[in-house]
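# Per-entry structural report
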Amino acid sequence: MSEVDSGPGVPLAAEVAAQAVRRLTSAILDARARGVSNPDVSEKISALADRLEAVAAHPHECVTGEIGTQVGVLERSPVSGPKNPVAVPLRFERCEDGSSLAHAEFPRQYQGPPGIVHGGISGLVLDVAMAVANRTAGPAGMTAEMTLRYLRPTPLHTEVTVRGRHLRAEGRKVWSQGTFEVDGEPTVVCDALFITKEHVQ
Amino acid sequence: MTIVENLSRPVSDVEREYAAALERDAAQLRRIVDLLQRVDVDDPLLLDVAEKLDALSEHLENPIDTVTETIRNPGWRHDPVSGVENAIAPPIVLEAGPDGTVTAEVEFGLPYQGPNSFVHGGISAMVMDHVLSAATAPQAGVIFTAQLTVRYHRPLPLFVPLTIAARLREREGRKIWATGEIVVDGKVAVSAEGLFIEPRPKAAQ
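These numbers were taken from a predicted model, which means no experiment stands behind them. (Residues numbered from 1 in each chain as written. Chains lettered and ligands numbered in written order. Predicted model: local features only at pLDDT ≥ 70, side-chain atom pairs only at ≥ 80, totals over all residues. Heavy atoms only, no water.)

## Details of the confidence of the model for chain A
Here is the rule we go by: The quantity known as pLDDT measures the predictor's confidence residue by residue, on a range of 0 to 100. Each helix is a run of H or I in the DSSP string that is no shorter than four residues. Each strand is a run of E no shorter than two, and both are numbered from the N terminus.
When pLDDT is averaged along chain A, the result is 90; 91% of the residues meet or exceed 70. The least confident element of chain A, judged by mean pLDDT, is strand β1 (residues 2-3) of chain A at 46; the most confident is helix α2 (residues 42-55) of chain A at 98.

Set out below in structure tokens:
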């Protein structure tokens, strides 16, 4: 089993900041439950944002890569990107059978119904899990269609096993499957069709 | 008329101000979510910002004073798509028309990027799940997705206004079918259809 990304080293400053943003995102969502009497910290956050704004590049200058140190698409992804606070982030591994594997616990910011992971999050995460598995077999391609079946709720704050599998390829079409599992039972199953630029060998 | 207004129950002034404070917090933190994609990843300023954000988390996680009044926890302000108190939500503000169609206008920025300059395909799937759920007009404010199919017709660019729409197609007991799409420049880029299940009345709070 090999890891898809370069593995842990000294985290970049942006990764440390992203982790702090994740923590505060949860803390804001949990403030009611904790009964915080004065939850308004917006002026302090705003002052920090202003300092970052002063050194930030224009959004359009940032689409093709990173400012400064070169890091790849995985680093900035809303699923696996350590420097993207939208991401949990998940670390995908490639298994010997070609499937992708990650473990995740979803905190409050991924909640849909009370105590349950938002249904849309599985679509977001499994799209990536399947793309990683496809890349092991050949070109990942672009998602053309995906069908998600929800078998049972996926709870928050619980270990979820995320898997992606490349099923078969024909011409430019690639079929894949992704699953969320909790305690060995599937909670979400996703079947998808990806289209590649070139014919798959 | 927004979905939030549809679903909201009467709230006290205290609750309203409490919610407004959390919404302000999330709005400012959302700026930082975006800024992290636009600052040199090694800039030491980021470490200073992280330290100060952690101090704010510490304050919220270990409050010295707590409120005595009950502050309810409406889930529709928390979700990762429309949740105004959730810094990772774009947030997509939904409006419900008189015919039951739910619509939204949104522009996605760098945190939602997949391929260079395009919205991540998984983000579209997440948004479709949410907007179709909202179109089912759940009585209890909670609905469960049973099955969702998302089709990608053309890529969705970042930084341009997108129109999202969804509508209820059919209802049969607790089963509700809904469809929707994301449109850019008048063309459908992503379409979706879903089957949703309402919780049994006794399970709904």
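After that view of the structure, there is still more to cover.
## Details of the pattern of salt bridges
Two side chains bearing opposite charge may form a pair once their charged atoms approach each other closely. Residue and element names in this part refer to chain B. Test applied: Here a salt bridge means any side-chain nitrogen of Lys or Arg lying within 4 Å of a carboxyl oxygen belonging to Asp or Glu.
One pass over the full model with this rule turns up 25 salt bridges over all chains. A salt bridge links Arg-171 to Glu-198; the shortest N-O distance between them is 3.4 Å. Of this pair, Arg-171 sits in strand β4 (residues 162-172) while Glu-198 sits in the segment after β6 (187-197), placing them 27 residues apart in sequence.

## A few points about the domain arrangement of chain B
Residue and element names in this part refer to chain B. Filter applied, for reference: All the domain ranges listed were derived from an automatic or database domain assignment. We call two residues in contact whenever any of their non-hydrogen atoms come within 4.5 Å of each other. When two parts are brought into contact, each loses some accessible area as probed by a 1.4 Å sphere; the total of that loss over both is the buried area. Only Asp, Glu, Lys and Arg are considered charged in this grouping, and only Ala, Val, Leu, Ile, Met, Phe, Trp, Tyr, Cys and Pro are considered nonpolar; every other residue, Gly among them, is considered polar.
According to the domain assignment, chain B contains domain 1 (1-91) and domain 2 (92-204). Between domain 1 and domain 2, the C-alpha centre-to-centre distance is 23 Å. Taken together, the contact pairs 17 residues of domain 1 with 17 residues of domain 2. Both sides together, the interface formed by domain 1 and domain 2 hides about 1,400 Å², and carbon and sulfur atoms give 68% of it. In this structure, the connection of domain 1 to domain 2 is made through 0 salt bridges. For the side of domain 1 that touches domain 2, the leading source of residues is helix α1 (residues 3-7), giving 3 residues. Of the residues in the side of domain 1 that touches domain 2, the class split is 10 nonpolar, 4 polar and 3 charged.

## Some words on the pairing of strand β3 (residues 144-152) of chain B
Note the cut-off: Pairing between strands is defined by DSSP: at least two bridges between the two strands are required.
Two elements, strand β4 (residues 142-150) of chain A and β3(B), share 5 bridges in a ladder whose sense is antiparallel. Note on β3(B): the bridge partner recorded for A:Arg149 is B:Gln147. Relative to β6(B), β3(B) is paired through 8 bridges, and the arrangement is antiparallel. Bridge pairing in β6(B) places B:Thr149 opposite B:Glu193.

## A look at the UniProt feature "domain: Thioesterase" (unreviewed entry) in chain A
For clarity, the threshold we go by: UniProt positions are given in the numbering used here, feature names are shortened, and annotations may be inferred rather than shown by experiment.
UniProt records the feature "domain: Thioesterase" (unreviewed entry) for residues 115-172 of chain A in the present numbering. Note that residues 115-172 of chain A is 33% helix and 36% strand, and that its end C-alpha atoms are spaced 40 Å apart.

## Concerning the interface of chain A and chain B
Counting from both sides, the interface comprises 79 residues of chain A and, opposite them, 82 residues of chain B. For the pair chain A and chain B, the summed buried area comes to about 7,600 Å², and 64% of that belongs to carbon and sulfur atoms. On the chain A side of the contact with chain B, A:Arg23, A:Arg32 and A:Leu52 bury the most area, a combined 11% of that side's loss. The salt bridge partner of A:Glu53 is B:Arg38, with a shortest N-O separation of 3.4 Å. Elements supplying a minimum of two residues to the side of chain A that touches chain B: α1 (13-34), α2, α3 (73-76), α4 (119-137) and β4 of chain A. Broken down by element, the residue count for the side of chain A that touches chain B peaks at 16 residues, all from α1(A). The residue makeup of the side of chain A that touches chain B, split by class, is 44 nonpolar, 20 polar and 15 charged.

## A few points about the pairing of strand β6 (residues 173-182) of chain A
Regular strands place their side chains on alternate faces of the sheet. Residue and element names in this part refer to chain A. Going by this rule: Partly exposed describes any residue whose relative accessible area lies between the buried limit of under 20% and the exposed limit of over 50%, with all areas from a 1.4 Å probe on protein chains only and scaled to the type maximum.
With 7 of 10 residues buried, β6 lies mostly within the body of the structure. Here strand β5 (residues 159-170) pairs with β6 via 9 bridges, running antiparallel. Its bridge partner lying in β6, His-166 is registered against Ser-176. The antiparallel hairpin formed by β5 and β6 contains 2 residues in its connecting segment, where Gly-171 sits at a positive phi of about 60°.

## Some points on the side chain of A:Thr143
Condition: Throughout this description, a polar contact denotes any pair of N or O atoms lying within 3.5 Å of each other; where both atoms belong to protein, one of them has to be capable of donating a hydrogen while the other can accept it, and for residues adjacent in sequence the pair is counted only when both atoms sit in side chains.
Looking at the element boundaries, A:Thr143 is found in strand β4. Side chain to side chain, A:Thr143 and A:Asp127 meet in a polar contact 2.7 Å long. Beyond its immediate chain neighbours, meaning those up to four positions away, A:Thr143 contacts A:Asp127, A:Leu193, A:Phe194 and B:Tyr152.

## Points about α2(A)
Short version of the rule: Expected helix span is taken as 1.5 Å per residue step, with the number of steps being one fewer than the number of residues.
With 14 residues, α2(A) ought to run about 20 Å at 1.5 Å a step, and its terminal C-alpha atoms sit 20 Å apart, in line with that. Elements that come into contact with the buried residues of α2(A) comprise α1 of chain A together with α2 (13-35) and α3 (45-61) of chain B.

## Side note on the domain arrangement of chain A
Residue and element names in this part refer to chain A. Taken domain by domain, chain A holds domain 1 (1-89) and domain 2 (91-201). Centre-to-centre, using C-alpha coordinates, domain 1 lies 23 Å away from domain 2. Counting residues at the interface gives 19 residues for domain 1, matched by 17 residues for domain 2. Here domain 1 and domain 2 share an interface that buries about 1,600 Å² over both sides, 59% of which is from carbon and sulfur atoms. Seen at the junction of domain 1 and domain 2, the total is 1 salt bridge. Linking Arg-108 and Asp-30 is a salt bridge whose minimum nitrogen-to-oxygen distance equals 2.9 Å. For the side of domain 1 that touches domain 2, the secondary-structure elements that each account for two or more residues are β1 and α1.

## Looking at the environment of B:Arg24
Examined against the element boundaries, B:Arg24 turns out to sit in helix α2. Along the sequence, B:Arg24 and B:Val84 sit 60 residues apart, while their C-alpha atoms lie 8.7 Å from each other. Not counting residues within four places of it along the chain, the set of residues in contact with B:Arg24 comprises A:Asp40, A:Ser42 and B:Glu17. Reaching out from B:Arg24, the side chain makes a polar contact with the side chain of A:Asp40 at a distance of 2.7 Å.

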